[in-house]
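The primary structure of each chain is shown beneath.
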Amino acid sequence: MTIEVKNLVKKFGAFAALDGVDLKIGNGELLALLGPSGSGKTTLLRIIAGLDWPDLGEVSFDGENALVRGAGERQVGFVFQHYALFRHMTVFENVAFGLRVQPRSIRKDDASIRARVKELLDLVQLDWLAGRYPSQLSGGQRQRIALARALAIAPRILLLDEPFGALDAKVRKELRQWLRSLHQEINVTSIFVTHDQEEALEVANRVVVMDKGRIEQIGTPGDVYDNPATAFVHGFIGESIVLPVNVSDGRVRLGDKALKIAAEGASSGASKLFVRRHDMQVGPAGSGSLDGSVRQVRSFGPIQRAVVALCGGEIIEIDAPRDRELQAGEIVGLEPRRYRIFAA
Amino acid sequence: MTMELQQSLEYAAPEARSHVRPFAAPDDVRSEPKFVRIGIIALATAFLSVFVVLPLVVVFAQALSKGVSAYFAALSDPEALSAIRLTLLVAAISVSLNLVFGVIAAWAIAKFEFSGKTALVTLIDLPFSVSPVISGLVFVLLFGAQGYWGPWLQSHNIHVLFALPGIALATSFVTFPFVARALIPLMQEQGTQEEEAAISLGASGLQTFFRVTLPNIKWGVLYGVLLCNARAMGEFGAVSVVSGHVRGETNTMPLLVEILYNEYQFVSSFAIASLLAMLALITLIAKTMLERHIDEEELPHDD
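Residues numbered from 1 in each chain as written. Chains lettered and ligands numbered in written order. Predicted model: local features only at pLDDT ≥ 70, side-chain atom pairs only at ≥ 80, totals over all residues. Heavy atoms only, no water.

Draft legend 1. Examining the overall build of chain B more closely. The helix and strand inventory of chain B stands at 14 helices and zero strands. From first element to last, N terminus to C terminus, chain B shows the α and β order α-α-α-α-α-α-α-α-α-α-α-α-α-α. Relative to its 303 residues, chain B shows a buried fraction of 43%. Put simply, of all contacts in chain B between residues at least 6 apart along the chain, 76% involve residues at least 24 apart. Accessible area for chain B stands at about 16000 Å²; split by element, carbon and sulfur atoms hold 70% of it. (Helix = DSSP H or I, 4+ residues; strand = E, 2+ residues; numbered from the N terminus. Buried < 20%, exposed > 50% of the residue type's maximum accessible area, 1.4 Å probe, protein only. Contact = heavy atoms within 4.5 Å. Areas by Shrake-Rupley, 256 points an atom, 1.4 Å probe, with all protein chains shown as cover.)

Draft legend 2. Inspection of the sheet that holds strand E6 (residues 76-79) of chain A at higher detail. Residues and elements named next belong to chain A. With mixed pairing, the six strands of this open sheet are ordered in space as E6-E7-E8-E3-E9-E10. Whereas interior strands pair on both sides, the edge strands pair on one side only; in this sheet they are E6 and strand E10 (214-219). Taken over all neighbouring pairs, the strand axes of this sheet differ in orientation by 15° on average, direction set aside. As defined by bridge partners, strand E3 (residues 30-34) adjoins strand E8 (residues 189-194) across five bridges and the pair is classed as parallel. Bridged to Leu30 within E8 is Ser190. The strands touched by helix H4 (residues 139-151) are E6 and strand E7 (157-161); relative to E6, the strand with the most contacts, the crossing angle is about 165°. (Pairing = 2+ DSSP bridges. Axes fitted to C-alpha atoms, helices over the stretch in contact; angles between N-to-C directions.)

Draft legend 3. Expanded view of the domain arrangement of chain A. All names here are of chain A. The domain boundaries assigned to chain A delineate domain 1 (3-233) and domain 2 (239-343). On a C-alpha basis, the centroid separation for the pair domain 1 and domain 2 is 40 Å. With eight residues of domain 1 at the contact, the number on the domain 2 side is six residues. Across the domain 1/domain 2 interface, buried area totals approximately 620 Å², and carbon plus sulfur atoms make up 47% of it. Together, Tyr225, Pro228 and Ala231 form the three largest contributors to the area buried by domain 1 at its contact with domain 2, with a combined 67%. Across the domain 1-domain 2 interface, the total number found is zero salt bridges. Element by element, the count of residues in the side of domain 1 that touches domain 2 is highest for helix H7 (residues 221-226), at three residues. (Domains from an automatic or database assignment. Buried area = accessible area lost by both parts, 1.4 Å probe. Salt bridge = Lys/Arg side-chain N within 4 Å of Asp/Glu carboxyl O.)

Draft legend 4. Layout of the sheet that holds strand E1 (residues 3-12) of chain A. Residue and element names in this part refer to chain A. Ordered by their spatial adjacency, four strands build an open sheet running E2-E1-E4-E5, and the pairing between neighbours is antiparallel. Of all the strands in the sheet, the pair left with one neighbour each is strand E2 (15-25) and strand E5 (64-65). Across the sheet, helix H1 (residues 41-49) is in contact with E1, E2 and strand E4 (56-61); its angle to E1 comes to roughly 120°.

Draft legend 5. Main features of the interface of chain A and chain B. Each partner contributes to the interface: chain A provides 23 residues, whereas chain B provides 21 residues. Counting the surface lost from both chain A and chain B, the interface buries some 2200 Å², and carbon and sulfur atoms represent 54% of this. On the chain A side of the interface with chain B, the three residues burying the most area are Arg87, His88 and Val101 of chain A, jointly 29% of the side's total. Joining chain A to chain B, the criterion identifies two salt bridges. A salt bridge links Arg46 of chain A to Glu196 of chain B, with the shortest nitrogen-to-oxygen separation between them at 2.5 Å. For the side of chain A that touches chain B, the secondary-structure elements that each account for two or more residues are E6, helix H2 (91-100) and H4 of chain A. In terms of residue count, the dominant contributor to the side of chain A that touches chain B is H4 of chain A (four residues). Partitioning the side of chain A that touches chain B into residue classes produces 13 nonpolar, five polar and five charged. (Nonpolar A, V, L, I, M, F, W, Y, C, P; charged D, E, K, R; others polar.)

Draft legend 6. Spatial organisation of a nonpolar patch on the surface. Together, Phe47, Leu48, Val50, Phe51, Val52, Val53 and Val57 of chain B make up a nonpolar patch on the protein surface, roughly 660 Å² of accessible area in all. The topology assignment puts Val52 of chain B in helix H2 (residues 34-63). (Patch = residues over 30% accessible without salt bridge, like charges linked within 9 Å, V, L, I, M, F, W, Y side chains within 5 Å.)

Draft legend 7. The pairing of strand E11 (residues 240-248) of chain A, seen in detail. Residue and element names in this part refer to chain A. Only one face of E11 is buried: it carries Ile241, Leu243, Val245 and Val247, and the other face, with Ser240, Val242, Pro244, Asn246 and Ser248, is open. Examined bridge by bridge, E11 and strand E14 (residues 269-276) share eight bridges and lie antiparallel to one another. Following the sheet pairing, Val247 is matched in E14 by Gly269. Direction of pairing for E11 relative to strand E12 (residues 251-254): antiparallel, over a ladder of three bridges. Counted as the bridge partner of Asn246 is Arg253 from E12.

Draft legend 8. Quick look at helix H5 (residues 117-129) of chain B. Residues and elements named next belong to chain B. Taking 1.5 Å of rise per residue, the 13 residues of H5 would be expected to cover 18 Å, and the 19 Å separating its terminal C-alpha atoms lies within 8% of that figure. Within the sequence span of H5, burial applies to Lys117, Ile124 and Pro127. Elements in contact with the buried residues of H5: helix H4 (78-111), helix H8 (164-175) and helix H9 (177-190). (Expected span 1.5 Å × (residues − 1).)

In structure tokens:
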């Protein structure tokens, strides 16, 4: 099932939740909508599901206008952020719900419904919880039941709103892996919303980065991480050092100090230099474009994180390998290995 | 006196019930000195005894003052039976009406966004803020012989005032807020996610309402019905204005209590009053039990 979204606009009062969004999603993709809160990602998901209607724009499934259909007719499985399990029904009845409310003409008999629910509970590995009520389940179990319930109607699209948002860190990691393998198994076009960049990069085949109701970049996880299209994407994905610089005649200046790096086509004027923490090469004093004094060092795992004060007064954090232990008070030379310059 | 009892049952919205913390342990710093605690408890007990328990005891004592047979004779008097029948009928009508309207109003207010919502919520509370006598007078103005629709009704030989329709209307008006107000906070807290889930799973609007919304609020509905019923049976002011006090025809129990009392028929008067008092006690017990279930419905859905 392919999904196409064209020029979607949705306003809540004066606030534009979606401000002209275009997006094409291929069959069987596992797509992440990534952005800070208020970026419009959940609104986009709800419009695709039919739980909200856009003010302008088109949504089509396999080239067919989806906006003429109500949520119940779109065959979309929706997993809510807080799961929205029916609290007065057992796990079994929750999963069976979508099958039981089908029109009489296509509704399956009770035995087939039971068999199908059993199959789904097996798929999410929770068949032993069939008789429990949602309030008796842990967060991770509720999450998987919500997914089984959404899958019961054999959805053509699976939509997940912050699927791991309400879970603790460990369960979250397990479920990420599980969701990815589940997607491989059932291969339904799936979109999930998240504000957690690590989650998006780890789970999705393709990531859509959104901000203020607009799409900033669409690409593979590697793409958006290595080649951020905008300053926002660079700042949002991965931890970045941001330095105010000035570009003129193809040279980059920080304060009155000219850096050795090339402007790489950045237009002249006040700009921002973005460098990933681990892309700042650390050497002896005077070895790089910048000098700075180490204020503080913390070592954990394979890296040491140092707080460095540059001579211009800017304070940055860098991640260096532990081949040479840094000392507080030491003067070091810094050189951006990989960087991007965006107009300020 | 029974009227006072009925009034003491006056509606308390579930959200107004404070979430009482367990009493502080004796060595807790927040705990008061022992004599203060005993003093306060004694004061509260004395107050309750004088203003609640004593009147209740007096009602039953007076009703049974001439013996059990006189008590039952008073209750089986045709006038008393007619009043009991009318009260039950009026309560049944107004509770059913308010059940339907209350659930619909609460559903609309809690689950949908529309302009004028605040005005609607205020309007629902109106019967609580208006004196019942005024509520009764409104119906006299509308349906009375000199009222807006009086001449038309008269020419079509339809009796509203001083008859069952008028009493039922006035009672329904006065008791309208109970069901709606019991449900609005409950439904608002539950949100719309379960309904959205049901819709996206292919359920129709009606299926969603009967399979998801209604089961989630069933205890709240019962709670509203219970309070609505107690007030409907005990309503005096509004009914007094529209009933016309036709003996054996348009007297409800509270009206009959007053009439008999004024005629110095104390045993008969208090016998009927004792029925209303028992209704009050049963309502109180049922209310306490229901509140426990409503707390379950209010339990947050996730941790």
